[in-house]
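# Structural description and commentary
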Amino acid sequence: MSDAPTDSGRGGSDRRPIWARPERGTRGPVPAHSRNAIVTAAVALADAEGLAAVSMRAIAAALGTSAGSLYRYLSSRDDLLDLMTDQVVGELQPYPEADGDWLDGMLLLARRQLALYQRHPWLLEVMHRTSGIGPQSLAWFDNCLRVLEPVPCAVTAKFEAIAMMTGLVSLFARSQTASPPFTFDGVDLAVYPHLAAAFTQPPAPTPQGDLFERTLRSLLAGLLVPEPPDRP
């Protein structure tokens, strides 16, 4: 898919975010498709074959049209990736009610985020793009702040906690798609005394909650602490 800008009806390249631009350019025949239909087809293709398979030609084939006609709606691959990202982030809605403990609420949001990555593994490849922070991503961030309203700490700490939570979720999502974990089969542990001693310890009691929950709770509880009172 070409990254070359096309005429958006305003005399050339348009640097505004894709969400702030018209649905299509002002020139050309009456559109046969919508921007949403194009993005939906691209998401389906990425889900089935990976992000590398997403091209204007492939999307046009899925829609039964020509690749050139799609440039009436999008000017670059970056536009398409931004729209794809925001569309799937919209699947996090409707957001759960912020009743009860805020930490439980954030854990529920994080689990939904993890499930989103599992449905759309390609999302891990594009979430770092700041240009992809669109209306749905902002709505999700706004909802996290709603859940954190009862927490008596600085707003900067809340922003950091939300960012760290997102990073932790993506880390767990990547680990689920990675190669099988390393094992010590065939390794002579005699030359690694601390490892050898660790394997001789009696098994510990099963902790409450899975590793994802325990890690996230510890992370958020450690970051979102009340501000200390001002010292005289």
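Now for a look at the structure at hand. (Residues numbered from 1 in each chain as written. Predicted model: local features only at pLDDT ≥ 70, side-chain atom pairs only at ≥ 80, totals over all residues. Heavy atoms only, no water.)

## Re helix α3 (residues 77-89)
Every α-helix winds through 3.6 residues per turn, so residues three or four apart in the chain are directed the same way. In a regular helix each residue adds 1.5 Å, so 13 residues correspond to 18 Å; α3 covers 18 Å between its end C-alpha atoms and thus fits that length. Burial analysis of α3 places 10 of its 13 residues in the buried class, the great majority of the element. If you check which residues of α3 are buried, you get Asp79, Leu80, Leu81, Asp82, Leu83, Met84, Thr85, Asp86, Val88 and Val89. Those residues of α3 that are buried lie in contact with α1 (35-49), α2 (56-63), α4 (102-119), α5 (123-126) and α6 (135-147). (Helix = DSSP H or I, 4+ residues; strand = E, 2+ residues; numbered from the N terminus. Expected span 1.5 Å × (residues − 1). Buried < 20%, exposed > 50% of the residue type's maximum accessible area, 1.4 Å probe, protein only. Contact = heavy atoms within 4.5 Å.)

## With respect to the packing of aromatic side chains
The relative placement of two aromatic rings is captured by the distance of their centres and the angle of their planes. One pass over the full model with this rule turns up two aromatic pairs. Pairing phenylalanine 141 with phenylalanine 159 gives two aromatic rings, centres 5.1 Å apart and planes at 70 degrees, and the pair type is edge-to-face. In this pair, phenylalanine 141 is assigned in helix α6 and phenylalanine 159 in helix α7 (residues 155-177), connecting sequence segments 18 residues apart. According to the relative accessible area criterion, phenylalanine 141 is partly exposed, its value standing at 25%. A ring pair is formed by phenylalanine 172 and phenylalanine 212, whose centres lie 5.1 Å apart and whose planes are at 85 degrees; its orientation type is edge-to-face. Residue phenylalanine 172 is located in helix α7, and its partner phenylalanine 212 is located in helix α9 (residues 211-223); the two are separated by 40 residues in the primary sequence. Given the relative accessible area of 16%, phenylalanine 172 is considered buried. (Phe/Tyr/Trp six-rings, centres within 6.5 Å; stacked < 30°, edge-to-face > 60°.)

## Description of unusual backbone geometry
Omega for the bond connecting glutamine 93 with proline 94 falls within 30 degrees of zero, at 0 degrees, which places this linkage in the cis form. Checked against the element boundaries, proline 94 lands in the loop between α3 and α4.

## Brief notes about the pattern of salt bridges
Should the charged atoms of two oppositely charged side chains come close, the side chains can pair. Tallied over the entire structure, the rule returns eight salt bridges. Linking arginine 21 and aspartate 79 is a salt bridge whose minimum nitrogen-to-oxygen distance equals 2.9 Å. Within this pair, whereas arginine 21 is found in the segment before α1, its partner aspartate 79 is found in helix α3, the two being separated by 58 residues in sequence. Taken individually, arginine 21 and aspartate 79 each receive the classification buried, so the pair is uniform in this respect. Beyond isolated ion pairs, a larger network of salt bridges with shared partners links Asp104, Arg111, Asp210, Glu213 and Arg217. (Salt bridge = Lys/Arg side-chain N within 4 Å of Asp/Glu carboxyl O.)

## Some words on the environment of proline 135
Relative to the helices and strands, proline 135 resides in helix α6. Put simply, proline 135 and leucine 83 are 52 residues apart on the chain and 9.9 Å apart in space, counted from C-alpha to C-alpha. Dropping the residues within four chain positions of it, proline 135 is found in contact with Trp19 and Asp86.

## With respect to the nonpolar core
In terms of nonpolar packing, the biggest core is built from 57 residues, with Val54, Leu80, Met84, Trp102, Met106, Trp122 and Met165 touching the most fellow members. If you list the elements that add at least two residues to this core, you get α1, α2, α3, α4, α5, α6, α7 and α9. Sort the elements by how many residues they give to this core and α4 lands first, with nine residues. Aside from chain neighbours lying at most four places away, what touches tryptophan 102 is Val147, Leu148, Val151, Leu220 and Leu224. (Core = buried A, V, L, I, M, F, W, Y, C linked by side-chain atoms within 4.5 Å.)

## Let's talk about the side chain of serine 170
Take serine 170: it is sitting in helix α7. Judged by relative accessible area, serine 170 falls into the buried class, the value being 16%. Sequence-distant contacts of serine 170, defined by excluding residues within four places in its chain, comprise Tyr117 and Leu124.

## With respect to a nonpolar patch on the surface
A surface patch of nonpolar side chains, about 690 Å² in accessible area, is lined by Phe182, Phe184, Val187, Val191, Tyr192, Leu195 and Phe199. For valine 191, the position within the fold is in the loop between α7 and α8 (193-199). (Patch = residues over 30% accessible without salt bridge, like charges linked within 9 Å, V, L, I, M, F, W, Y side chains within 5 Å. Areas by Shrake-Rupley, 256 points an atom, 1.4 Å probe, with all protein chains shown as cover.)

## Structural notes on α7
In a regular helix each residue adds 1.5 Å, so 23 residues correspond to 33 Å; α7 covers 34 Å between its end C-alpha atoms and thus fits that length. Turning to α7, its buried residues number three or more, namely Ala157, Lys158, Ala161, Ile162, Met165, Thr166, Leu168, Val169, Ser170, Phe172 and Ala173. The inward-facing, buried residues of α7 contact α4, α5, α6 and α9.

## Quick notes on the side chain of serine 75
Along the chain, the position of serine 75 falls in the loop between α2 and α3. A relative accessible area of 14% places serine 75 in the buried class. A polar contact is formed between the side chain of serine 75 and the side chain of arginine 21, at a distance of 3.3 Å. (Polar contact = N/O pair within 3.5 Å; in protein donor to acceptor, adjacent residues only side chain to side chain.)

Nothing here speaks to function; it is geometry throughout.
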